[in-house]
Amino acid sequence: MTSPDSGAKPVNSLVWISAILTSVLGAAILYDAEPGINWPIWVMAAAVSVLLARAGSLRRVERPLLILLTWAFVLSVGFALTDNDFLHFLIVISDAMLLGLATITLGAKNWSELSAKLLVAVPFLAPARVAGATGHDAGDALRSISSPRARAIVRGSLLSVPLVLVLVVLLASADPIIRWSTKRIADWFPDWSFPARVIFFAVLLVLTLGANSIGARQLAVKLPQYAVRTRMPTVGLTEQRMMLWSAAAIVWLFVALQASYFIHPPPAAIGTGVTFAEFARRGFGELSFAATLVAAIIIILEYARPADATEQERKVLRNLELALVIALELVLISAFRRVVLYEQAYGFTTARVFAQAYMIVMALALGALALEITRGRISIAFGRRVAEIALGAFTVLVFWNYEAWIVNKNVDRAALTGKFDAHYVRELSRDALPALVRRRAEIPQPQRDTVELRLACAPLPAERSWFEWNRSVNAAAGALRTWERPPCADTRRKP
């Protein structure tokens, strides 16, 4: 258990007050609520709570802390913009990682002090530090009580109340009398779903109080310490040259073949038995994996380079690695082109959009790797840059309504080919519904009938509280209300 710095100032009442208010807010608008603006409201409250605790106690707010908390809030806004459950899940995970990273790096003055290795420690270290800081503050609060008997009563209550609440929740489902009793108690507190919401409040209080306490007390950064290997395993220079030369030969051969297809037709068109669909579909997955694999091998060989290698030997290996990186960039371009060809022939889907996003992230990461190679070694900043690139791409996906874009692209394609995959519409969330309603008349028959049947049977979103406001849900409801829908012919089918 990690306790706050002994030299820091005592935690003032602002830490407790802001933690309690933030937890009450979270329990009121997050528990058993639809995803909407409630999540960014709570993330902003939690972030401001930590910033107030740090500024109020230590009179400073470091740049890395401000960047991490701001990025967590920016991502959380996506919760109110999209109705995509998968994106909601990824936003919550990303926010948890960013907030946890902010907790374990409190005190870091420069962004360069952070590394990608910290992400591995966040799920384990952040909860431990937060729980430890909460226990430390609870102990301080108990010690402030003068009477030994009063301290014992408060301490016993803190230990007994959570236990009682958990047991009541578990036993109420097995005993009708306990269930009847808890229901009557819950009727007294209709807005708090006693005791489940109270437990949710307690969990949030542990998290926010611990984070505020660390923010108010921790003077200097306390990054996790990783075991340092006294002797790193190495791969001989001969072996490294063989691996790099062989990989470069194979990859550049592939690049040369792709270039030749701009002059001669690809295998799909010259009777090799490979269909166009196979040529396009088989390509982008394998090519992306191959580029990732070779890039990982380059990184491993950089770290496994013998210490006694001469500068000339290192230069030869660096040139081989740069040649490989250039070839891999061209491979990714080929993979991206195959996805484009496949989309033009068979339509646009979320899986293909994600594949293209991965290729862009990988291409940018390879650019960062080339920069490290030219500098002579892979620094700790490389992992952080890759994490920043990946998080930046995810942020773009969160704010970009790519499902509406997919609908528009498929309708545009249908105008040229007469083909539209009406069944794929069922896999899209309500993010795509306004675009689908607006452009339904442009879909060719009989696919249009299938789409309109599903739209006719789409239920209107239920009324929501103000804190459950969601732009995508509101837009979908507005689109369905403005369209004079035909009667639903099959109530069992949903769009």
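One structure accompanies this document, and this report is about it. (Residues numbered from 1 in each chain as written. Predicted model: local features only at pLDDT ≥ 70, side-chain atom pairs only at ≥ 80, totals over all residues. Heavy atoms only, no water.)

**What to know about the packing of helix 3 (residues 63-77) against helix 13 (residues 381-399)**
Spelled out, the test is: Think of each axis as a best-fit line through the C-alpha atoms, taken over the contacting stretch in the case of a helix, with angles from 0 to 180 degrees between the N-to-C directions. Helix numbering and strand numbering both begin at the N terminus, where a helix is a DSSP run of H or I of at least 4 residues and a strand a DSSP run of E of at least 2. Oblique is the label for any angle not under 35 degrees, not over 145, and not in the 65 to 115 range, which are roughly parallel, roughly antiparallel and roughly perpendicular in turn. In what follows, residue pairs with any heavy atoms lying within 4.5 Å of each other are defined as contacts. Put simply, Ala, Val, Leu, Ile, Met, Phe, Trp, Tyr, Cys and Pro go in the nonpolar bin, Asp, Glu, Lys and Arg in the charged bin, and everything else, Gly too, in the polar bin.
At a minimum axis distance of 9 Å, the contact between helix 3 and helix 13 shows a crossing angle of 30 degrees. On the basis of the axis angle, helix 3 is roughly parallel to helix 13. Contacts between helix 3 and helix 13 involve W71, V74, L75 and V77 from the first element and E388, L391, G392, F394, T395, V398 and F399 from the second. Of the residues assigned to the contact of helix 3 with helix 13, the class counts are eight nonpolar, two polar and one charged.

**Description of the packing of helix 12 (residues 350-374) against helix 13**
Two packed helices can be described by the angle between their axes and the distance between those axes. Heads up, the condition is: For any helix crossing, the convention is left-handed if the near helix is rotated counterclockwise from the far helix by under a right angle, and right-handed if that rotation is clockwise.
With their axes 10 Å apart at the nearest point, helix 12 and helix 13 run at an angle of 155 degrees to one another. Taken as axis vectors, helix 12 and helix 13 run roughly antiparallel relative to one another. The two elements helix 12 and helix 13 meet at a crossing, and its hand is right-handed. Counting all contacts with helix 12, which are made through F354, A357, V361, L364, A365, A368, L369 and E372, the residues of helix 13 involved are F382, R385, V386, I389, A390, A393 and L397. Per-class residue counts for the contact of helix 12 with helix 13 are 13 nonpolar, no polar and two charged.

**Observations concerning the packing of aromatic side chains**
What counts, and what does not: Any pair of Phe, Tyr and Trp rings, taking the six-membered ring for Trp, is counted once the centres come within 6.5 Å. Such a pair is stacked with planes under 30 degrees apart, edge-to-face with planes over 60 apart, and tilted for the rest. Burial here depends on accessible area, computed with a 1.4 Å probe over protein chains only, as a share of the maximum for the residue type. Under 20% is buried, over 50% is exposed, and the range in between is partly exposed.
Counted under the stated rule, the structure contains 10 aromatic pairs. Centroid distance F348 to W405: 5.4 Å. Interplanar angle 85 degrees. Geometry classified as edge-to-face. Pair noted here: F348 is in the loop between helix 11 (311-346) and helix 12 and W405 is in helix 14 (residues 402-417), with a separation of 57 residues, a long-range link. Its relative accessible area of 10% is what places F348 among the buried residues. Arranged with centres 5.4 Å apart and planes meeting at 65 degrees, the rings of F354 and Y402 form a pair that is edge-to-face. Here F354 is found in helix 12, whereas its partner Y402 is found in helix 14, with 48 residues between them in sequence.

**Some thoughts on helix 3**
Note the following rule: Expected span, for any helix, means 1.5 Å times one less than how many residues it has. By construction, the arc corresponds to the directions joining the helix axis to the C-beta atoms.
End to end, helix 3 covers 21 Å across 15 residues, agreeing with the expected 21 Å (1.5 Å per residue, within 8%). Listing the buried residues of helix 3 in full gives P64, L65, L68, L69, A72, L75 and S76. Taken down its axis, helix 3 places every buried residue within 125 degrees of arc, on the same side. Here the buried face of helix 3 lies against helix 2 (38-58), helix 4 (85-104) and helix 13.

**A few points about the side chain of R413**
Defined as follows: In summary, the charge assignment counts Lys and Arg as positive and Asp and Glu as negative, without counting His or the chain termini. Salt bridge, as used here: a side-chain nitrogen of Lys or Arg that lies within 4 Å of a carboxyl oxygen of Asp or Glu.
As for its position among the elements, R413 is in helix 14. Within the buried set, R413 has no salt-bridge partner at all; the shortest N-O distance to an opposite charge, 8.0 Å, is to D421. Those residues in contact with R413 that sit more than four places away from it in its chain are E343, Q344, A345, Y346, G347, G418 and K419.

Keep in mind these values describe shape, not function.
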